[in-house]
Every structure is written in structure tokens, then in C-alpha cells.
Amino acid sequence: MDKVVRVREMYNWFLSNPGGTDREFVSEVMQRHSVSKVTAYSDLAVVKTLMPLLASASRDFHRWRFFRNCYCEYGKLHFN
């Protein structure tokens, strides 16, 4: 459970610091969570793997929400 919380927090850090380097990320994880360098690099690998997947999921969600809202709004309109 700690890893999930750590990865989620560091994913947000990564989004807030897009110019951050891998070394800065690892240093930040080690400082915030008192973990080893190996664990910090493991978290970095997870975050980098999730980045495109979460962006894609977010895009798909917003697309779905847009079409749902359009359908709901235009579905109520009656064209004579």
C-alpha cells in the first residue's frame, strides 16, 4: 500500500515538475519517503510506465464525457 501512495504522490510531483530530471525525482522520493535508492528508481520506472497510460485514459474519459454531454443536451432538443 505504501508503494501505491508513494507512486501516486510522485506522479503528481512529476506532473508539477515536467522539467525535472530522473536524479531529482529519485532524490525527492528518497527525501520524502525515506526509501533506498533502488526503491526510488523502481518508483521512477513505474511512474514513467504509467505516464502515457494515464494520459491516454484521461483523454478517453474526457472524450466520453464530451460526447455524453452533447448527447444529453441535444437529446433533449426536439427538431420539428
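Conventions we followed
Residues numbered from 1 in each chain as written. Predicted model: local features only at pLDDT ≥ 70, side-chain atom pairs only at ≥ 80, totals over all residues. Heavy atoms only, no water. Helix = DSSP H or I, 4+ residues; strand = E, 2+ residues; numbered from the N terminus. Axes fitted to C-alpha atoms, helices over the stretch in contact; angles between N-to-C directions. Parallel < 35°, antiparallel > 145°, perpendicular 65-115°, else oblique. Left-handed = near helix turned anticlockwise from the far one by under 90°. Contact = heavy atoms within 4.5 Å. Nonpolar A, V, L, I, M, F, W, Y, C, P; charged D, E, K, R; others polar. Polar contact = N/O pair within 3.5 Å; in protein donor to acceptor, adjacent residues only side chain to side chain. Core = buried A, V, L, I, M, F, W, Y, C linked by side-chain atoms within 4.5 Å. Buried < 20%, exposed > 50% of the residue type's maximum accessible area, 1.4 Å probe, protein only. Phe/Tyr/Trp six-rings, centres within 6.5 Å; stacked < 30°, edge-to-face > 60°.

Caption draft 1: Focus on unusual backbone geometry. The backbone of S34 sits at a positive phi, close to 50°, despite the residue not being glycine. In this structure, S34 sits in the loop between α2 (22–33) and α3 (37–76).

Caption draft 2: Seen up close, the packing of helix α1 (residues 2–16) against α2. Between α1 and α2, whose axes approach to 11 Å, the crossing angle comes to 135°. Considering the angle they form, α1 stands oblique to α2. The chirality of how α1 crosses α2 is right-handed. Across from R6, E9, M10, W13 and F14 in α1, the residues of α2 making contact are E24, F25, E28, V29, R32 and H33. Classifying every residue of the contact of α1 with α2 gives five nonpolar, one polar and five charged.

Caption draft 3: Spatial organisation of the side chain of E28. Tracing the sequence through the fold places E28 in helix α2. For E28, the side chain forms a polar contact with the side chain of R32, separated by 2.8 Å. Apart from the residues lying within four places of it in its own chain, the contact partners of E28 are M10 and W13.

Caption draft 4: Quick peek at the nonpolar core. One finds V7, M10, Y11, W13, F14, F25, V26, V29, V35, A40, L44 and V47 forming the largest nonpolar core, which totals twelve residues. Elements that contribute at least two residues to this core include exactly α1, α2 and α3. Residue contributions to this core peak at five residues, all from α1.

Caption draft 5: Region of interest: the packing of aromatic side chains. Here the structure, examined in full by the defined rule, presents two aromatic pairs. Aromatic pair W13 and F25: ring centres 5.8 Å apart, planes at 65°, arrangement edge-to-face. Within this pair, whereas W13 is found in helix α1, its partner F25 is found in helix α2, the two being separated by twelve residues in sequence. Pair check on accessibility: W13 and F25 agree, each one buried. Taken together, a centroid distance of 5.9 Å and an interplanar angle of 75° make the contact between F14 and F25 edge-to-face. Placement of F14 in helix α1 and of F25 in helix α2 is noted, with a sequence separation of eleven residues between them. Ring pairing ties together the aromatic residues W13, F14 and F25, which thus form one cluster.

Geometry only, nothing functional implied.
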